[in-house]
Amino acid sequence: MTTEATRRVSRLEVFIARMTAQKTFLEEVAAALDVPGPVLELGLGNGRTFDHLRTILPDREIFVFDRSITAHPASIPDADHMIVGEIRDTLAFCGPRVGALAALVHCDLGSGDPTADLVKRAWLSPLIAERTAPGGYVASGIELEMPDFEALPRSADAERGRYWLYRKTR
Ligand SMILES: C[S@@+](CC[C@H](N)C(=O)[O-])C[C@H]1O[C@@H](n2cnc3c(N)ncnc32)[C@H](O)[C@@H]1O
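Read on for an overview of the structure. Model, not experiment: these values are computed from the prediction.

Turning our eyes to something else, we now look at the layout of surface pockets. As a volume, the largest pocket reaches approximately 700 Å³. What lines the largest pocket is a set of 28 residues, and nearest its centre among them are Arg18, Gly110, Ser111, Gly112 and Gly141. Going through the elements one at a time, α1 (11-32), α2 (48-56) and α5 (114-131) are the ones with two or more residues in the lining of the largest pocket. It is α1 that provides the largest number of residues to the lining of the largest pocket, a total of six residues.

Attention shifts here to the environment of Glu130. For Glu130, the position within the fold is in helix α5. The class for Glu130 is exposed, based on a relative accessible area of 54%.

One pass over the full model with this rule turns up one aromatic pair. With a centroid separation of 6.5 Å and 50 degrees between ring planes, the pair formed by Phe25 and Tyr163 is classed as tilted. Separated by 138 residues along the polypeptide, Phe25 in helix α1 and Tyr163 in the loop between α6 (156-161) and β7 (164-168) bring together distant segments of the chain.

As a further point, take a nonpolar patch on the surface. A surface patch of nonpolar side chains, amounting to about 390 Å² of accessible area, comprises Leu12, Phe15, Ile16 and Met19. Mapped onto the elements, Phe15 comes out in helix α1.

A few words on the site of the ligand. In the vicinity of the ligand there are 17 residues, among which Asn46, Thr49, Asp66, Ile87 and Asp108 approach most closely. Here an oxygen atom of the ligand and a side-chain polar atom of Asp66 are 2.7 Å apart. Residue Asp108 places a side-chain N or O atom 2.7 Å away from a nitrogen atom belonging to the ligand. Protein chains shield 81% of the accessible area of the ligand, which is 610 Å² for the free molecule. According to the grid-proximity analysis, the pocket containing the ligand is the second largest pocket. Counting residues per element, the ones that place at least two in the shell around the ligand are α2 and α5. Partitioning the shell around the ligand into residue classes produces four nonpolar, six polar and seven charged.

Thresholds, definitions, all that
Residues numbered from 1 in each chain as written. Predicted model: local features only at pLDDT ≥ 70, side-chain atom pairs only at ≥ 80, totals over all residues. Heavy atoms only, no water. 1 Å grid on protein atoms, 1.4 Å probe; cavity = no way out; pocket = protein on both sides within 12 Å on 5 of 7 lines; lining within 4 Å. Points joined across faces, edges and corners; volume = space filled by probe spheres on them. Helix = DSSP H or I, 4+ residues; strand = E, 2+ residues; numbered from the N terminus. Buried < 20%, exposed > 50% of the residue type's maximum accessible area, 1.4 Å probe, protein only. Phe/Tyr/Trp six-rings, centres within 6.5 Å; stacked < 30°, edge-to-face > 60°. Patch = residues over 30% accessible without salt bridge, like charges linked within 9 Å, V, L, I, M, F, W, Y side chains within 5 Å. Areas by Shrake-Rupley, 256 points an atom, 1.4 Å probe, with all protein chains shown as cover. Salt bridge = Lys/Arg side-chain N within 4 Å of Asp/Glu carboxyl O. Near = heavy atom within 4 Å. Polar contact = N/O pair within 3.5 Å; in protein donor to acceptor, adjacent residues only side chain to side chain. Sits in = over half its atoms within 2 Å of the grid points. Nonpolar A, V, L, I, M, F, W, Y, C, P; charged D, E, K, R; others polar.

In structure tokens, the structure reads:
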């Protein structure tokens with residue numbers, strides 16, 4: 001007999017766990033954020049997490065990155081804060097526009113394809129590490145490899161939904 005404990009986890013369950021972990025991590029970080037600096041949102045998509053970030057962090061500047069704007073009309077950043085292009089290029093060269101290092105980077109670029117995510121991890125990790133302030137946080141749907149960061153504890157939802165939280169130690 002297949003029980004709740006032994007049956008496979010469905011994609012719907014993984015998705016719900018992922019969204020739960022994403023919301024929880026962003027809210028935990030928003031409550032704990034004690035370093036100055038903007039928020040970088042990597043992946044505007046529909047604009048849902050951008051809208052949540054601006055709701056829970058109303059006093060932070062939020063810069064949003066995506067190769068195109070396909071968001072709900074109510075969730076599109078103003079032109080000064082929307083950075084359009086390939087993130088591999090824009091994140092590397094956004095310094096003059098963004099200014100200070102980021103207090104929080106939210107990376108929502110996961111494809112669900114393990115090989116594609118490994119490729120992204122290789123080029124994204126150093127770019128994100130470079131743009132994060134000491135003491136700043138990175139919440140990510142891709143596991144990242146960043147030597148000067150500690151991986152923070154993950155809930156069951158984060159494990160199941162494949163979401164990670166890091167803090168820059170120096
Ligand atoms: C999963 S969606 C983001 C969802 C969004 N955070 C939300 O809550 O609605 C990922 C987005 O990242 C963008 N994206 C993925 N890889 C990218 C890259 N290398 N450069 C620029 N944009 C990228 C896609 O165009 C897509 O809009």
